[in-house]
Amino acid sequence: MAAVHSSLHMTRSLHMTSKVLRCRAHCRGTRAPLSSSGFGFGFGGFGGLNGFSYGFSARALFVVGHDGQDHEFGGCGLACSWLSPSPSHVPSHVHHHLKRGRALSHHQHALRAMSSLSSLRSTRRFNQSTVRSPGAFQSRRSSSSSSSSSSKTLSSLDAHGSSFASPSDFLDQNDEADSESHIPGMASSTSPSASKKRVNYADGMSDEQLKAVLAPDGAVSVKAGPGSGKTRVLAARAAHLVTNEGFMPWQVLCITFTRKAAGELRDRLKTFLGAETASRVHAGTFHSVCARILRREVENRLVLRKTGRTADFVVFDAGDSIGTMRQVLEEQMFFTPKQSLETAPKLISRLGRERSFGEMPIMRRDEVQLYVEAKNRYERALIASNAFDFDQLLSHTSMLLRDDPDALRDYRERWPHILVDEFQDTNSIQYDIVARLAGARSTTAADVGMEGGKKNDVRASSLFVVGDTDQAIYGWRGANVENMRVNLSRDFPAVESLHLSANYRSTPQVVRAASGVLSGQSRGNLQQSRANFSIRAHRPSGLPVHVGSFDDDVTEADAISREAMWLAEHRGVSYSDMAVLYRTNRQARSLEAAMASRGVPHIVVGSTSFFQKREVKDVLSYLRLASNPHDTSSFARVLNVPPRGLGPKALDEVKKLAAKRGMSAASMVLAFDGAAWEPKGELAEAVGARVAKGIRDFRDIVQSVAESANRGDDASDVVRLAIDRSGFRDWLLPDAGTSKGKKMSKDKLDENMKRWSNLDNLVDVARGVQAAVLDDDDFLREDVSGDADENGGSNTLADFLERIAVFADDSQDADEKDDQAVRLMTLHSAKGLEFDVVFLCGMNEGLLPHAISLNDDDGIRSKEMRVNEERNLAFVGITRAKSMLYLTHHKTSSASRFEGSDALPSRFLDDALRGLKEVGVGDDDTWFLYQ
């Protein structure tokens with residue numbers, strides 16, 4: 001116990017002596033046990049003497065004596081506090097942490113005790129003997145109002161049942177809540193002070209949430225219903241590991257599926273740990289984590305060197321992949337442009353299904369031959385372009401961990417704790433990556449148990465996953481809900497299964513409707529797995545569920561628009577707090593027309609994202625080409641953008657010339673000395689003077705951008721240079737006095753103004769890429785000191801392109817952030833969002849469930865699996881509603897080619913109303929009311 005007492009200030013002092021601890025040798029997961037003498041974690045000597053404990057610190061000598069007063073002795077580098085060596089004088093509150101029945105290191109004991117004591121430093125019971133936190137050294141003479149505020153911690157609730165606010169006081173404690181700022185004591189993430197004000201992660205948590213946060217090391221699976229606070233639990237778990245379990249923040253890896261989710265997780269971590277510490281926790285998407293691993297290892301590990309890429313590889317998004325496949329079909333397999341336009345997306349889709357499901361899609365024999373040949377040529381084209389596509393980021397990381405035991409050991413040591421959000425959405429490759437890092441039974445013995453005839457001692461990481469099998473809606477793209485339902489317990493037999501069943505988001509009426517949908521689930525394993533779990537509303541009773549039945553989709557859309565206008569005018573509901581959800585994009589047509597006719601502001605979410613807009617993609621192609629001259633896809637895209645007389649015919653000539661030299665067209669244009677393209681030059685004579693001049697101009701643009709990037713200029717400056725040198729302004733906004741300017745119509749000019757505005761926005765994005773837009777920390781920094789700027793890393797062109805690549809498909813259009821517009825979106829797009837008012841329209845057989853799901857088995861997923869996923873989709877849609885829910889269906893429609901003239905109400909609508917009672921009809925007889 002004396003060792004524990006004497007180490008308290010030392011553990012606090014570790015943060016203050018960060019410069020030494022930031023050596024890589026001391027931050028790779030080793031935690032030396034503390035003792036009453038000698039050296040502990042990293043460095044430092046400490047021991048007990050005459051009722052004092054002391055530890056080396058960057059701060060002044062600071063003593064809290066028997067009188068409860070603190071005394072400063074100057075900057076001698078010691079921090080001391082009085083602690084009685086007798087256990088009887090230690091608050092029982094501390095003993096609770098020291099007697100939890102777990103085998104903890106001295107360091108872990110000390111951190112737990114330190115947390116308990118520091119939480120009590122300002123309470124009336126224990127104000128006579130206190131351990132000061134480092135922050136207290138600076139603020140001990142602050143006003144009494146700040147020092148008298150009681151800090152309620154995890155330990156105080158555990159040990160003594162101290163009064164905490166009831167979860168009902170925290171109605172916005174939902175899993176994806178943008179409204180967490182409404183929770184008492186929680187600083188808004190948008191507030192200027194959000195990153196400064198720290199909040200105890202245990203404040204306001206329910207018993208089941210705390211149980212998940214405090215779960216012991218090992219494998220833990222948390223089934224979290226909608227609105228149950230799962231993201232907050234995930235962040236609190238990470239904060240607990242850093243604050244109470246003795247792990248450094250960079251030893252915790254948090255994996256999410258979207259940039260938005262990663263951003264929300266970081267915001268919560270900032271409130272729990274402070275901005276500086278939170279920035280050291282690795283939080284990112286699967287793709288961003290894998291991209292960083294590959295960037296670091298692709299030239300260092302033999303397994304990856306065989307792939308033919310270098311560390312400056314580019315990442316192809318879905319559009320780039322389709323474009324590359326089109327090039328393969330047209331240039332190597334003699335497809336016409338029209339044929340490639342139709343065929344390329346299908347081939348990429350089949351390739352994605354093969355990678356996700358691990359088996360080739362069902363095809364005719366002639367289709368198989370075409371697919372295999374196109375796939376092989378496509379893979380070679382990626383290598384030639386020094387590129388990975390999105391799927392390969394995952395598959396090659398999985399291959400590295402599978403085939404290189406040293407790499408697996410390194411990353412297990414790097415991340416002793418792995419936390420995964422939305423685990424029900426993992427596909428087979430993502431599950432394999434997580435399972436290998438965490439030491440799954442099915443991977444450890446076979447893959448890393450032996451190396452060179454000797455046992456390979458690889459420490460398994462602790463795994464903490466959160467998800468909801470009832471919200472599994474991505475099976476069509478390879479997600480396997482069985483990873484959470486079955487595979488986790490198979491590969492981790494000792495997994496602890498926990499539940500978060502309280503819904504803090506929705507009213508009881510909404511929750512009953514959602515539960516009714518699940519009650520109709522097909523019997524068998526799925527129903528059995530739900531036997532011990534049901535969501536329960538924590539909010540008081542609210543408004544009835546409104547149900548509408550209409551003759552056709554046009555009448556349905558008009559009724560929804562009319563009701564949205566009424567809610568805004570008579571109930572004061574903001575349009576931005578309303579959403580209309582539907583199964584297919586085709587359904588948006590009638591809704592857009594109805595809202596436009598009634599003047600209801602609206603946005604169709606999921607339209608072309610910012611990074612997919614044509615002009616933005618064009619500039620990004622210039623940047624990628626400057627970074628990687630082998631990028632044939634980017635080369636073909638912008639060779640003649642803006643127009644410079646290098647159309648398809650000129651491109652063909654350049655490609656033929658390059659083929660004779662055994663080079664790609666991009667490499668030949670950019671690699672040859674500029675003199676070769678001069679009028680008398682070797683290449684100029686081969687292609688003609690006009691083409692040669694256009695190529696010289698193009699080459700000069702790319703070269704100037706590359707030189708700026710190589711100098712290490714800020715990404716925003718490089719982006720602006722690419723825009724200016726390429727001539728986009730003159731192309732989009734010609735001078736009114738020129739012939740082109742005179743010919744441009746007003747509509748075209750307005751369109752081009754928007755496009756030019758997008759390019760200005762791209763410069764802003766590049767300028768704030770880390771803090772304002774992506775906030776993606778350097779996952780694999782060699783050490784935590786280094787040269788990182790205040791945002792967590794550099795902002796070179798390479799940094800910018802990497803971050804943009806892994807988030808491009810996940811970025812929303814800036815127009816979608818309009819604060820006064822109804823959101824129109826598909827049910828899949830609504831995942832992770834919430835609104836005060838939700839209209840779920842088109843609840844018809846053939847739409848929801850979709851007609852395709854009602855077909856026979858497709859060879860990969862059974863009809864039952866597909867229908868159950870549609871049920872989950874309805875459940876997700878309903879649980880987006882916080883206060884008001886509208887469910888509608890119609891008899892005939894132009895929105896779906898699958899519907900007949902006698903469309904029946906969806907089976908899910910019947911199920912939703914099963915647990916509700918009809919209580920009347922609305923004032924205008926449009927809506928039936930259910931409680």
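Here the structure is a predicted model, which means the values were calculated and not measured. (Residues numbered from 1 in each chain as written. Predicted model: local features only at pLDDT ≥ 70, side-chain atom pairs only at ≥ 80, totals over all residues. Heavy atoms only, no water.)

Participant: Would you mind going over the confidence of the model for the protein chain in detail, with residue names and values included?
Facilitator: Of all residues in the protein chain, 69% have pLDDT values of 70 or greater, and the mean over the chain is 75. Across residues 770-792 the pLDDT falls below 50, and counting only partners more than four positions away or on other chains, this stretch makes 64 contacts in the model. Considering only residues more than four positions removed or in separate chains, one finds that residues 897-901, a stretch of pLDDT under 50, has 13 contacts. (pLDDT = per-residue confidence, 0-100. Contact = heavy atoms within 4.5 Å.)

Participant: Tell me about the pattern of salt bridges, and name the residues and values.
Facilitator: Here the idea is simple: oppositely charged side chains can pair when their charged atoms come close. Using the criterion set out here, one finds 48 salt bridges in the structure. Three or more residues are tied together by salt bridges with common partners; here these are Arg 296, Glu 297, Arg 301, Asp 404 and Asp 410. (Salt bridge = Lys/Arg side-chain N within 4 Å of Asp/Glu carboxyl O.)

Participant: Run through the packing of aromatic side chains, naming residues and quoting values.
Facilitator: Tallied over the full model, the rule gives 13 aromatic pairs. Geometrically, the ring pair formed by Tyr 474 and Trp 476 is tilted, given 6.3 Å between the ring centres and 55 degrees between the ring planes. Taking relative accessible area as the criterion, Trp 476 reaches 41% and is therefore assigned partly exposed. With a centroid separation of 5.8 Å and 80 degrees between ring planes, the pair formed by Phe 550 and Trp 927 is classed as edge-to-face. (Phe/Tyr/Trp six-rings, centres within 6.5 Å; stacked < 30°, edge-to-face > 60°. Buried < 20%, exposed > 50% of the residue type's maximum accessible area, 1.4 Å probe, protein only.)

Participant: How would you summarise the side chain of Arg 505 if you had to cite specific residues and measurements?
Facilitator: Among the secondary structure elements, Arg 505 is positioned in the loop between β16 (502-503) and α22 (508-519). Within the local environment of Arg 505, its side chain forms a polar contact with the side chain of Glu 834, the two groups lying 3.0 Å apart. (Helix = DSSP H or I, 4+ residues; strand = E, 2+ residues; numbered from the N terminus. Polar contact = N/O pair within 3.5 Å; in protein donor to acceptor, adjacent residues only side chain to side chain.)

Participant: Describe the nonpolar core, listing the residues and the values that go with them.
Facilitator: In this structure, Val 619, Leu 623, Phe 635, Phe 698, Val 719, Leu 762 and Phe 800 are the most contacted members of the largest nonpolar core, which totals 56 residues. With 9 residues, the single largest contributor to this core is helix α31 (residues 689-710). Not counting chain neighbours up to four residues away, the residues in contact with Leu 623 comprise Val 705, Val 718, Val 719, Ala 722, Leu 797, Phe 800 and Leu 801. If you look at the next biggest cluster of nonpolar residues, it comprises 41 residues, including Leu 294, Val 298, Val 315 and Val 465. (Core = buried A, V, L, I, M, F, W, Y, C linked by side-chain atoms within 4.5 Å.)

Participant: Give me the sheet that holds strand β8 (residues 282-285): which residues, what numbers.
Facilitator: One open sheet accounts for 6 strands, arranged β8-β7-β11-β14-β6-β15; its pairing is parallel. Of all strands in the sheet, those bounded by a partner on one side alone are β8 and β15 (496-500). Strand-to-strand twist in this sheet, taken as the mean axis angle between neighbours without regard to direction, amounts to 15 degrees. In this sheet, β15 lies alongside strand β6 (residues 219-224) in parallel orientation, the contact comprising 5 bridges. Paired with Lys 223 across the bridge in β15 is His 499. (Pairing = 2+ DSSP bridges. Axes fitted to C-alpha atoms, helices over the stretch in contact; angles between N-to-C directions.)

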